[in-house]
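A closer look at the structure
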Amino acid sequence: MITPARRAKTAMTSEGNNVTHRIGFLQRFQRLQYLKCSSLLAVGAAILALSAGPLAQAQSTIKIGEINSYKAQPAFLEPYRRGWEMAVDEVNAAGGVLGKKLEVIARDDNGNPGDSVRIAEELMTRERVALLFGGFLSNTGLALTDYAKQRKVFFLAAEPLTDKIVWHNGNKYTYRLRPSTYMLVASVVKEAVKLKKKRWAIVYPNYEYGQSAAASFKALMQQAQPDVEFVAEQAPPLGKIDAGAVAQALADAKPDAIFNALFAADLGKFVREGNTRGLFDGVEVVSLLTGEPEYLDPLKGEAPVNWIVTGYPWYAINTPEHKKFVDAYRKKYNDYPRNGSLVGYAALMSIAAGIKKAGSTDADKLAAAFSGLQVDTPVAPIVYRAQDHQSTLGAFVGRTGLKDGKGIMTSFTYIDGAALQLPDAEVKKLRPAD
């Protein structure tokens, strides 16, 4: 029989056990909460550590966006890529710019203006690049020029040749490195006039660069030689030339001389078909870009002889600055430089110099810094003109020849880009106010 006293003792024992159990439960709960908080803190710390890496990297680098038609124009643009990559390495090895390393994020635009703009926006919004450079074809270059104006982002047009980039479509945020179409034409017109040929035929790719080259050549020749006649004109689509038909049409016109603005694969096909049909026999030829190794080398023994051309005779430029560039390029790539290599290198070096002068990557400050910016390139010092944002990088003009079964430039001269410009008053009429 359970007495009242024993019942009371049992109840007290049970209550004590319950209290002990509750205390133990609370202790375990608190420990779990502590461990949970500790784990969350550890996870948070890990996340911060992971995010700090890219953040620290972003703070110690300057991201630069580069857009080009690598797949569409590999002959020029693969050496071009090597050129700016070498420049990046040199700049970073010397400590970078403003205490930061340069990082180039390159994208391919497929030779399409719409893709150029889309990629530019992606580079700005996703990659957070500070500025843009690049461009090859005139139409993609114009698309990026307009994008720079609309988005107020700095853009250095490295290669596009269209005059509109610095004239009709020129804007505060866009500068251009390579000589313009007009400048290239102006560099050969003096030699063309010396030929004293009256009947000229013209052939060019049917897009902005080619159309502009043909128009400038006609205008400058008519100004210098009023009795000149243009007896034939062929304008095949870029990259789709029917070279046999084009060569035959020019031959049928029986010109005294030919002005050519074709390049890349179109040029090679035209030269071969012209040789086959005897188009160039006894006919003088003035040709833009043909002396560039990118386009002359693939022709090998079929390379034209005695054409007047613009180009890049890297093998015969003996200044200390150029020799240093060639030696460094060959050491790095076990290959010789092309014109694209020179352009890519000079473009990146110009950007580095501009950022240093501006003390910032702010677009407005960069645009102001590039006005009158002086840059040493492997071929000559250049200046980015305040009046039209065109650099004074010049052109090599000479005759073509054959050596060891390979095309070369002979008896060439370098013409400073400052001597190939329109008068400032004419530029002002063509270019809108910034």
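Right above here is the structure, for reference.
Residues numbered from 1 in each chain as written. Predicted model: local features only at pLDDT ≥ 70, side-chain atom pairs only at ≥ 80, totals over all residues. Heavy atoms only, no water.

Pairing in this open sheet of five strands is parallel, and the strands run β2-β1-β3-β4-β5 from one edge to the other. Each edge of the sheet is formed by a strand with only one pairing partner; in this case those strands are β2 (101-108) and β5 (174-176). Between one strand and the next, the sheet's axes are offset by a mean angle of 25°, whatever the strand orientation. Bridge analysis of strand β4 (residues 155-157) against β5 gives three bridges, and the strand direction is parallel. By the bridge assignment for β5, leucine 156 is matched with tyrosine 175. Most of the contacts of helix α3 (residues 113-125) go to strand β1 (residues 61-68), to which it runs at about 170°, and overall it touches β1, β2 and β3 (131-134). (Pairing = 2+ DSSP bridges. Helix = DSSP H or I, 4+ residues; strand = E, 2+ residues; numbered from the N terminus. Axes fitted to C-alpha atoms, helices over the stretch in contact; angles between N-to-C directions. Contact = heavy atoms within 4.5 Å.)

Inspection of the secondary structure assignment puts asparagine 171 in the loop between β4 and β5. The class for asparagine 171 is buried, based on a relative accessible area of 4%. Looking at asparagine 171, its side chain comes within polar contact range of the main-chain oxygen of threonine 145, at 3.0 Å. Within the structure, the side chain of asparagine 171 is placed 3.1 Å from the side chain of threonine 174, a separation counted as a polar contact. Filtering out sequence-adjacent residues up to four positions away, asparagine 171 remains in contact with Thr145, Lys149, His389, Arg431 and Asp434. (Buried < 20%, exposed > 50% of the residue type's maximum accessible area, 1.4 Å probe, protein only. Polar contact = N/O pair within 3.5 Å; in protein donor to acceptor, adjacent residues only side chain to side chain.)

A few words now on the pairing of strand β10 (residues 308-311). Each regular strand shows side chains that alternate between the opposite faces of the sheet. Burial along β10 is two-sided: the face carrying Ile308 and Thr310 and the face carrying Val309 and Gly311 are both buried. Across three bridges, the pairing between strand β9 (residues 284-291) and β10 is parallel. In the strand pairing of β10, valine 286 is matched with isoleucine 308. As paired strands, β10 and strand β13 (residues 395-403) are joined by four bridges and run antiparallel to one another. Its bridge partner lying in β13, glycine 311 is registered against phenylalanine 396.

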